[in-house]
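Residue strings, one per chain:
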Amino acid sequence: MEPLQIAEKIKEKFPDEVLEIKEFREQVSVLLKKGRILDICKYLHDDPELCFDYLVDLCGADYAESKQKLEVIYHLYSISNEHAIRLKAEVPAINPEIDSVTSVWTGVNWHERECYDMFGIIFKGHPDLRRILMPEDWDGYPLRKDYPVEGQDEEWRGFKAVLDRSKRFKEFEWKG
Amino acid sequence: MEAIEKKIETKELTISMGPQHPATHGVLRLVLDLDGETVIKCTPYVGYLHRGIEKLGENRTYFAALPLTDRLDYISSMNNNVGYVNAVEKLFGIEAPERAKFIRTMVAEMGRISSHIIWLGTHVLDIGATTPFLYAFRERERIMDLFEGLCGARLTVSYPRVGGVRNDVSQEFLDELYKFVLEFPSRIDDYETLVTENRVWKKRTVGIGVISAEEAINWGLTGGMLRGSGVNYDIRKHMPYDAYDKVEFDVPLGKNGDCYDRYLVRMGEMRQANRIIKQCIEKLAAGPVMADFPKFTLPPKDLILKDIERLIHQFVLITKGPVVPEGEVYSASEVPKGELGFYFVSDGTGKPYRMRVRAPSFVHASVLPKLCEGGLVADVIANIGTIDIVLGECDR
C-alpha cells in the first residue's frame, strides 16, 4: 500500500487520535495523540492488509522549547507487504508518560529503555524500565535540548567513587 | 563397593561475565544465573562505550558528523559512512553521480567482507578452532591495505562524502582489487573445508540459539540473524540504494535459525559480496565522482585554491552548514550486522535538530537472553559469537 493510503486508513479507524499527516521525501508521518497508541499499534500489527510485523525503530525527540512537548517516534515496516509508515506520538514535556508497546513487538524493549534513559519518557506497562546506556544513578536526560553537550558541571558520583578507590589502592603499587 | 548416598546441597549461582572477557567481543557484561551448567537467567548490561554520538551529531553540521559514524561499527566503518551519506543525501534531496554510486557499492561490499571475516575468525576461535582465525586476518589485511591505498586510512576511512566520494579510484587500485576478487572464492573454500563439516563445530552450533522466523521478526532482528531463520528481508533488495539495483546477487537464506544456519548465511554473503565487487569493477563507467549541487555539496578542491568565489562558498558551507528544508527522513542501509538506520529531523538550519542512529547491534544484544536461557554456559559463548555485535555501535 502507498504510505498516504495507510495514513488515511489510520485516520478512518481512529479519527479523533490523528492530529496531522505530513509527507516529506515520499515518507509519511502521522502525528498522534498519545492516549490510544497501544490500540493503534495493535491494529497496525494485526490487520492483515497492513500487517506491520516489524518495528524498525523507536526513538524520542525533544520539542520542549517550541511546543512544550516531547515526541515518541515509531518507524514501522511490513516485511510481508513491503510498506512503511512513521508514527509520532506527542507527550507533554512535564511528566511525560505513554503506554508501552512491548506487548505488540517484543524487540521494542530496549528501544523504550533507551528512550526513557535519554528523554525521561516513562513507558507504562514496560516489564523492566531501567536506564540502559547511562549509569543507574545518573542525573538528567542527556538527549534533551536543555542538557549541555559538554555534560554537567559536577562530576558523576560514580566516577568520584572510582577515583577514591584508586587512591586507596595506591599503597599496593609496585615501587620497583 | 557401597553406594555413597549423601545429600549434596545445591544452589543457584550468579556470575558476572565481562565487561572484560575475551569472548564478549568488547565491553559487554552478562549476569548469568546458573543452575549447575544451565543458564536460568541472562541479563545483558551495555553502555560502557557510550559516547553520545547522537548528541554530538546534533551539534555539528551534516558534513562534520560524518567521521563520528566511523566510530559506530569500527570494523566496517565504510558501510556506516555509506549509510550516513545516503541518509543525508535523501534529506537534501540530491543524488550522487553514477560512478560514485558504483564505487560506494564496491567499497561497502569490501567492508562487508572484512567485517564478516573478523566475525568468522573470532566466532570459531571462541569455540575452539584457532586455524581459520589466522587465515582470516590474512584476507582482512589485504582489504585494509586496499583501503589505505584508496583513502589513506585503514579503519576510520570517511571515504564516502555527501554527494559522492572523496576521490576517484585509481587503475592500480582496481587491478589489485580485481586480483583479490578472483582469488577470494578459493579462500572461502579453504575456510569451509576447515569449518563447515567439522564435527566439533557442528556439535557446538547445530540446534544452538534457535530463533524461529516469527520470533525473529517480532524481536526486530535484521541482517544475518534474520535471514538465518529463513526470512527474506534484505534492504539492498527491498529498498535499493546506491547501485544495488544494477548488480545481480542472491540473498542466502537459512532454515532452522540456529548458529549453524547463521554461519552458512554469512559465508554465502561473503561469496555474494565478492560477486558484487566483481560486477562493480566491470560496470564502472567514466564520469564525475562528486555531484554538483552548489547549495549542498562542496566545490572541487583545485577550484577553491584558484577562485575566491568558490573559496567563500566552501567557507560558508563548512562553517554554517547547508540550509536544509524542514522535514524528517529515515534512511536504512544493509551493513554487515544488519539494518543501520539514520533518522534526521531538520529544522531548516545547517545542523540536524535530531539525529538518531538505529543500530543493529543494539537490537541483537537485546535478544541474547532469549538465545541463552535454558542452554549451557558454553553455548553462551557460541551465542555471543553468532549475534555478531560490535559494542561501539550498540552503545553509540
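Everything numeric in this text was worked out from a predicted model, so none of it was measured.

A short note on the overall build of chain A
Here comes step 1: A count of helical and extended segments in chain A gives 5 helices and 7 strands.
Here comes step 2: Secondary structure elements of chain A occur, N-terminal to C-terminal, as α-β-β-α-β-α-β-β-β-α-β-α.
Here comes step 3: Taking 2.2 N^0.38 as the reference for a compact globule, 176 residues should give roughly 16 Å; the C-alpha atoms of chain A span a radius of gyration of 21 Å, well beyond that estimate.
Here comes step 4: Based on the C-alpha atoms only, the size of chain A along its principal axes is roughly 75 × 35 × 30 Å.
Here comes step 5: Taking all 176 residues of chain A together, 36% fall into the buried category.
Here comes step 6: Sequence separation of at least 24 residues holds for 48% of the intrachain contacts in chain A that already meet a minimum separation of 6.

Quick notes on the interface of chain A and chain B
Here comes step 1: Taken together, the 26 residues of chain A in the interface contact 30 residues of chain B.
Here comes step 2: Contributions of two or more residues to the side of chain A that touches chain B are made by strand S2 (27-33), strand S3 (54-63) and helix H4 (108-119) of chain A.
Here comes step 3: The element best represented in the side of chain A that touches chain B is S3 of chain A, accounting for 6 residues.
Here comes step 4: Partitioned by chemical class, the residues of the side of chain A that touches chain B number 15 nonpolar, 6 polar and 5 charged.

Some details on the environment of Asp39 of chain A
Here comes step 1: In this structure, Asp39 of chain A sits in helix H2 (residues 37-46).
Here comes step 2: With 46 residues separating them in the primary sequence, Asp39 of chain A and Ile85 of chain A have C-alpha atoms 16 Å apart.

Focus: the pairing of strand S5 (residues 83-92) of chain A
Here comes step 1: Across the 10 residues that make up S5 of chain A, a large majority, 7, are buried.
Here comes step 2: Here strand S4 (residues 69-78) of chain A folds back onto S5 of chain A, and the loop between the two strands holds 4 residues, one of which, Glu82 of chain A, carries a positive phi near 55 degrees.

Structural notes on the sheet that holds strand S7 (residues 338-346) of chain B
All names here are of chain B.
Here comes step 1: What the 3 strands build is an open sheet, ordered S6-S7-S8; its pairing is antiparallel. Each of the sheet's edge strands pairs with one partner strand only, and the pair in question is strand S6 (327-335) and strand S8 (352-358). Here the strands of the sheet are splayed against their neighbours by 15 degrees on average, with no regard to which way each runs.
Here comes step 2: Looking at chain direction, S7 and S8 are connected through 6 bridges and run antiparallel. Its bridge partner being in S8, Ser346 is matched across the sheet by Pro352.
Here comes step 3: On top of the sheet, helix H3 (residues 77-92) reaches S6 and S7; it is set at about 155 degrees to S6, its chief contact.

Topic: unusual backbone geometry
Here comes step 1: Despite not being glycine, Gln68 of chain A shows a phi value in the positive range, around 55 degrees.
Here comes step 2: Unusually for a residue other than glycine, Asp388 of chain B sits at a positive phi of about 55 degrees.
Here comes step 3: Within the secondary structure, Asp388 of chain B is located in the loop between helix H16 (377-387) and helix H17 (391-395).

Here we look at the packing of helix H4 (residues 98-127) of chain B against helix H5 (residues 131-151) of chain B
The packing of two helices is summarised by the inter-axis angle and the distance between the axes.
All names here are of chain B.
Here comes step 1: Interhelical geometry of H4 versus H5 gives an angle of 160 degrees and a closest axis separation of 9 Å. In this view, H4 runs roughly antiparallel relative to H5, as classed from their interaxial angle. Considering how the two elements wind past one another, H4 and H5 form a crossing that is left-handed. Here Met110, Ile113, Ser114, Ile117, Ile118, Leu120, Gly121, Thr122, Val124 and Leu125 of H4 lie close against H5, whose contacting residues are Pro132, Phe133, Ala136, Phe137, Glu139, Arg140, Ile143 and Leu146.
Here comes step 2: For the contact of H4 with H5, the per-class residue count stands at 13 nonpolar, 3 polar and 2 charged.

Structural notes on helix H6 (residues 171-195) of chain B
Residue and element names in this part refer to chain B.
Here comes step 1: Spanning 25 residues, H6 covers 36 Å between terminal C-alpha atoms, matching the ideal 36 Å at 1.5 Å per step.
Here comes step 2: Along H6, the sharpest kink reaches roughly 35 degrees, centred on Phe184 and followed within four residues by the proline Pro185.
Here comes step 3: Those residues of H6 that sit buried are Leu177, Val181, Phe184, Tyr191 and Val195.
Here comes step 4: Buried residues belonging to H6 abut H4, H5, helix H7 (199-205) and helix H11 (259-283).

What to know about the sheet that holds S5 of chain A
Residues and elements named next belong to chain A.
Here comes step 1: The 5 strands lie next to each other as S1-S2-S5-S4-S3, forming an open sheet whose pairing is mixed. In the strand order of this sheet, the two ends are held by strand S1 (18-24) and S3, each with one partner. Geometrically, the sheet is characterised by an average inter-axis angle of 20 degrees between neighbouring strands, direction not taken into account.
Here comes step 2: Relative to S5, S4 is paired through 10 bridges, and the arrangement is antiparallel. If you follow Lys69 over to S5, its bridge partner there is Pro92.

Some details on the nonpolar core
Here comes step 1: Val72, Leu76 and Ile121 of chain A are the most contacted members of the largest nonpolar core, which has 149 residues in total.
Here comes step 2: Among the elements that take part in this core, H4 of chain B stands out by supplying 14 residues, more than any other.
Here comes step 3: Setting aside residues up to four positions removed in sequence, Val72 of chain A forms contacts with Leu58, Gly60, Ala89, Val91, Ile98, Cys115 and Ile121 of chain A.

So, the confidence of the model for chain B
Here comes step 1: Looking at chain B, pLDDT values average 88 and 99% of them are 70 or higher.
Here comes step 2: Scored as a complex, the prediction yields pTM 0.89 and ipTM 0.87.

About the criteria used
- Position numbers for residues start from 1 in each chain and track the written sequence from start to end.
- Here every chain gets a letter starting at A, and every ligand a number starting at 1, in the order they are written.
- For this predicted model, a pLDDT threshold of at least 70 governs which residues receive local features, and a threshold of 80 or more governs which side-chain atom pairs are given and counted, while totals over whole chains, interfaces and linings are taken from all residues.
- A helix here means a DSSP run of H or I that spans at least four residues, while a strand means a run of E at least two residues long, and both kinds are numbered starting from the N terminus.
- For the radius of gyration, the atoms used are the C-alpha atoms, and the globule rule reads 2.2 Å times the number of residues raised to 0.38.
- The exposure scheme places C-beta atoms from the backbone and then counts, for each residue, the other C-beta atoms within 10 Å of its own, assigning buried at 20 or more, exposed at 12 or fewer, and partly exposed in between.
- Here contacts are defined at the residue level, using C-beta atoms placed from the backbone and a cut-off of 7 Å between them.
- Nonpolar residues are Ala, Val, Leu, Ile, Met, Phe, Trp, Tyr, Cys and Pro. Charged residues are Asp, Glu, Lys and Arg, and all others, Gly as well, are polar.
- Two strands form a pair only when DSSP identifies at least two bridges running between them.
- To define axes, lines are fitted to C-alpha atoms, for helices over the stretch in contact only, and angles between the resulting N-to-C directions are given on a 0 to 180 degree scale.
- In these notes the angle categories are as follows: under 35 degrees is roughly parallel, over 145 is roughly antiparallel, 65 to 115 is roughly perpendicular, and the rest is oblique.
- Note on convention: near helix rotated counterclockwise from far helix by under a right angle means a left-handed crossing. Clockwise means right-handed.
- Here the expected length of a helix is defined as 1.5 Å per residue gap, with one fewer gap than residues.
- Bend is the name given here to the angle between axes fitted to two runs of seven residues, the run ending at a residue and the run starting at it.
- In this usage, the nonpolar core is the set of buried Ala, Val, Leu, Ile, Met, Phe, Trp, Tyr and Cys residues whose C-beta atoms join them within 7 Å.
- As a per-residue measure, pLDDT tells how confident the predictor is, with possible values from 0 to 100.

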